[in-house]
Amino acid sequence: MTTNGAHMDLELGSLHARRGGGGGGSGDTSAATANQEAKATNLRKDLLLAYKTLGVVFGGLVTSPLYVYPSMNLATPTLEDYLGIYSIMFWTLTLIGVVKYACIALNADDHGEGVLPSKKVYSEDDPLLYNQSAADRGPSKLGKFFERSITARRVLLFMAIMVLSAIDGLRGPFPSVSKSAEAMFADLGHFSKKAIQIAFLSSIYPSLVLTYAGQTAYLINNVNDFSDGFYKFVPGPVYWPMFVIATLASIVASQSLISATFSVIKQSVVLDYFPRVKVVHTSEHKEGEVYSPETNYILMILCVGVTLGFGGGKEIGNAFGVVVIMVMLITTILLTLVMDIKWRTAPVLVALYFIPFFIMEGCYVSAVFTKIPEGGWLPFAVSVILALIMFVWYYGRQRKTEYEMANKVTVERLGELLASPEVQRVPGLCFFYSNIQDGLTPVVGHYIKNNPDQEAGTQRGVQLHIQYGYADSLVGLEGGGDDDLAAQVTNCLRQHIQTAPSTEAELAQVDAARAAGKVHVRGKMRLYVGKDAGWFDRVMLGSYEFLHGSCRSGLPALGTPLPRRVEIGMLCKVD
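Calculation criteria
Sequence order as written defines the numbering, with residues in each chain counted from 1. Since the coordinates come from a predicted model, pLDDT governs what is reported: local features require at least 70, and pairs of side-chain atoms require 80 or more to be given and counted, while whole-chain, interface and lining totals use all residues. Hydrogens and water molecules were not included; the side-chain quantities draw on all heavy atoms of the structure. Elements are defined by DSSP. Helices are runs of H or I of four residues or more, strands are runs of E of two residues or more, and each kind is numbered from the N terminus. To estimate the expected span of a helix, count its residues, drop one, and scale the result by 1.5 Å. Categorising residues by exposure relies on relative accessible area from a 1.4 Å probe, with only protein chains included: less than 20% of the type maximum marks a residue as buried, more than 50% marks it as exposed, and the intermediate range marks it as partly exposed. Arc definition: it is the arc formed by the directions from the helix axis to the C-beta atoms. Strands pair, by our definition, only if DSSP identifies at least two bridges between them. UniProt positions are given in the numbering used here, feature names are shortened, and annotations may be inferred rather than shown by experiment. By nonpolar core is meant a set of buried Ala, Val, Leu, Ile, Met, Phe, Trp, Tyr and Cys residues that side-chain atoms within 4.5 Å join together. To obtain each axis, a line is fitted to C-alpha atoms, and for helices this fit is confined to the stretch in contact; angles are then taken between N-to-C directions over 0 to 180 degrees. In this analysis, two residues are considered to be in contact whenever any of their non-hydrogen atoms come within 4.5 Å of each other. By the definition adopted for this analysis, an angle is roughly parallel if under 35 degrees, roughly antiparallel if over 145, roughly perpendicular if from 65 to 115, and oblique otherwise. When two rings of Phe, Tyr or Trp (its six-membered ring) have centres within 6.5 Å they constitute a pair, described as stacked for plane angles under 30 degrees, edge-to-face for angles over 60, and tilted for the intermediate range. Any Lys or Arg side-chain nitrogen located within 4 Å of an Asp or Glu carboxyl oxygen qualifies as a salt bridge. It is the rotation of the near helix from the far one that decides the hand of a crossing: anticlockwise by less than a right angle makes it left-handed, clockwise makes it right-handed. Under the convention adopted here, Pro, Cys and the residues Ala, Val, Leu, Ile, Met, Phe, Trp and Tyr are nonpolar, Asp, Glu, Lys and Arg are charged, and Gly plus all remaining residues are polar.

**Some remarks on helix α17 (residues 504-516)**
1) Next: With 13 residues, α17 extends 18 Å from end C-alpha to end C-alpha; this agrees with the ideal 18 Å at 1.5 Å per step.
2) Next: The set of residues buried in α17 consists of Leu 507, Val 510 and Ala 513. The buried residues of α17 occupy an angular sector of 125° when the element is viewed end-on, so they sit on one face. Opposite its buried face, α17 presents the exposed residues Glu 504, Ala 505 and Ala 515, each directed more than 90 degrees away.

Right, dumping it as structure tokens:
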């Protein structure tokens, strides 16, 4: 809270007290026991999460034996062909799956949580809408990506992947490996690094190596059965159980990238790279357990559209192959930058990582580029559309931020506005919400100047920084809704006033203001492009206003009654 040059912060949520322990051996024994119990609990959680990753993270990878051999253009395969194919699959799984992702890429997790702490500044432009009522739809725990550049390119490529992975039916060994390897990294925050590593290294990797080896051994002796070799090499007594399990597994195989898409969209919204969508936090304990209904519906529409547009599986498979191989190569390049710039890895080690993976994945990319005219153009088209949306949104947000910072209302200026004789003051509390942290939104000045006889407030102009975490619920706090918010604000303000002399009158005014009532004001700033603006600003800012008018409000529901909510519009002229 900032008032007359002073600064105070108010954090909503639970307060955790620390209890001091006594000295002596009993305290040490208790601490050791508690530490062991904590380790055991964490291990159980990791094992449970590792089990869940089998369907969410590795759903696409574990179903790859169903379609890898049938998807290949084999005419008259020989022993050497099958041995060569198995060799490629083995080393791709080993080098890309184990070395690159499980051992290296998973460490780029920003401490396992992502770019923002669990407590966020709550403001008028806070991009996320939080809801805890849909706990049955979330996957697991959210983790993020390590740089804005990675988030930006992933939202482009993962959306393209998702459109294709839910419906593709014709894929080779490289996409099947790289898709789930990427999902292993993208779904990191839905679970944990240790859980993913446990599941992949102890179960997924050895199972796939042995399954492919068994398939290859069968096909060497039955060279013409590659089109349906998976079911033919399954023993007769377990054929139908295997058929049922394989069918069910195929249905949920795209869950890994569906979950990853939710994470990518959420991160893009947080970083102000994407229009605001509803992000539902489905767990009170795991920040990353998210679900986005709007994103889900868009994916459904795109999947149906692609299926109807292409009709066959060949073009879909080509599009899928191109995009996932590109993601794999881009990850290698960006991870190299992270190793060099952020991790400060020795140049020799960086080169030992970059050169072999870039050469190997570059060969994969060159192999699938021939498929661009035959359906491979689709992910690039989707990426261009998403890139335009992201660029328009980011450009518009930057221009609006520049205007706000240039026209922000300082605490001193607020005092001058409130001291104007034209302002007819009434008792009460008026909350303005803004994302400016070193000043007040221009909407405050706009509101006072245009509503001089309706201004509510105390004698002080106050800037309050509220730390509002995704699991905090104002409705569920002591008094509930804005009553409890007002109580916390006034208590914090009273404590601050009591540090100065001659405080009795001001304390009385604070109590009177709280008792008189309160109103919550959200400023809705719209950009107005002037006649002197160039064609670029006209197109970009006009498109931004369209997106801004179509997306969700940035003000999370506080549980305040509708009569206490006010929305003030303001035009910002951009020349």
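**Concerning the pairing of strand β7 (residues 429-433)**
1) Next: When you tally the buried positions in β7, you get 4 out of 5 residues, the bulk of the element.
2) Next: Here β7 pairs with strand β9 (residues 518-529) via 5 bridges, running parallel. In the sheet register, Phe 431 faces β9, and the bridge partner there is His 520.

**A look at the UniProt feature "transmembrane region" (unreviewed entry) in the chain**
1) Next: As annotated in UniProt, the feature "transmembrane region" (unreviewed entry) corresponds to residues 49-70, 82-103, 238-258, 295-313, 319-338, 350-370 and 376-395 in the numbering used here.
2) Next: Across residues 82-103, the secondary structure splits into 100% helix and 0% strand, with the terminal C-alpha atoms separated by 29 Å.
3) Next: Structurally, residues 319-338 comprises 100% helix and 0% strand, and the distance from its first C-alpha atom to its last is 29 Å.

**Let's talk about the nonpolar core**
1) Next: Phe 58, Leu 61, Tyr 69 and Phe 200 are the most contacted members of the largest nonpolar core, which totals 34 residues.
2) Next: Those elements giving two or more residues to this core turn out to be α1 (25-56), α3 (79-104) and α6 (193-221).
3) Next: Among the elements that make up this core, the one with the highest residue count is α6 (11 residues).
4) Next: Residues Tyr 101, Phe 320, Val 324 and Met 360 belong to the second largest nonpolar core, which totals 23 residues.

**Some details on the sheet that holds β7**
1) Next: If you walk across this open sheet you meet the 3 strands as β7-β9-β10, and the pairing is parallel. Two strands close off the open sheet at either side, each with one partner strand: β7 and β10 (565-574). In this sheet, neighbouring strand axes are inclined to one another by 30° on average, regardless of whether the strands run parallel or antiparallel.
2) Next: Where helix α18 (residues 535-550) meets the sheet, it contacts β9 and β10, and its direction lies at approximately 150° from that of β9.

**Things to note about the packing of helix α13 (residues 377-406) against α18**
1) Next: It is at 9 Å that the axes of α13 and α18 come closest, and there the two elements cross at 95°. By the angle between their directions, the pair α13 and α18 is classed as roughly perpendicular. The segment α13 lies against α18, with Ile 389, Phe 391, Val 392, Trp 393, Tyr 395, Gly 396, Arg 397, Arg 399 and Lys 400 engaging Phe 536, Asp 537, Met 540, Leu 541, Ser 543, Tyr 544, Leu 547 and His 548.

**Describing the packing of aromatic side chains**
1) Next: Here the structure, examined in full by the defined rule, presents 20 aromatic pairs.
2) Next: Measuring from centroid to centroid gives 6.0 Å for Trp 535 and Phe 536, while their planes differ by 85°, and the two rings are edge-to-face.
3) Next: For Phe 536, a relative accessible area of 34% puts it in the partly exposed group.
4) Next: Ring pairing ties together the aromatic residues Tyr 231, Tyr 239, Trp 240 and Phe 243, which thus form one cluster.

**Details of the pattern of salt bridges**
Any two side chains of opposite charge can pair, on the condition that their charged atoms come close.
1) Next: Taken as a whole, this structure holds 8 salt bridges when the rule is applied.
2) Next: The shortest N-O distance in the salt bridge between Lys 100 and Glu 361 comes to 2.8 Å. One end of the pair, Lys 100, is in helix α3; the other, Glu 361, is in helix α12 (residues 347-368), and 261 residues separate them in sequence. For the pair Lys 100 and Glu 361, one class covers both residues: buried.

**Structural notes on unusual backbone geometry**
1) Next: Backbone geometry at Asp 272 places phi at a positive 65°, although glycine is not the residue there.
2) Next: For Asp 272, a relative accessible area of 23% puts it in the partly exposed group.
3) Next: Phi at Arg 344 takes a positive value of approximately 55°, unusual for a residue other than glycine.
4) Next: Tracing the backbone through its elements, the reader meets Arg 344 in the loop between α11 (313-342) and α12.

**With respect to the packing of α3 against α12**
1) Next: Packing of α3 against α12 leaves a shortest axis separation of 12 Å and a crossing angle of 135°. Accordingly, the angle class assigned to the pair α3 and α12 is oblique. Viewed along their axes, α3 and α12 form a crossing whose handedness is left-handed. Listed contacts from α12 to Ile 88, Thr 92, Leu 95, Ile 96, Val 99, Lys 100 and Ile 104 of α3 are Tyr 353, Phe 357, Met 360, Glu 361 and Tyr 364.
2) Next: Looking at side-chain class alone, the contact of α3 with α12 contains 9 nonpolar, 1 polar and 2 charged residues.

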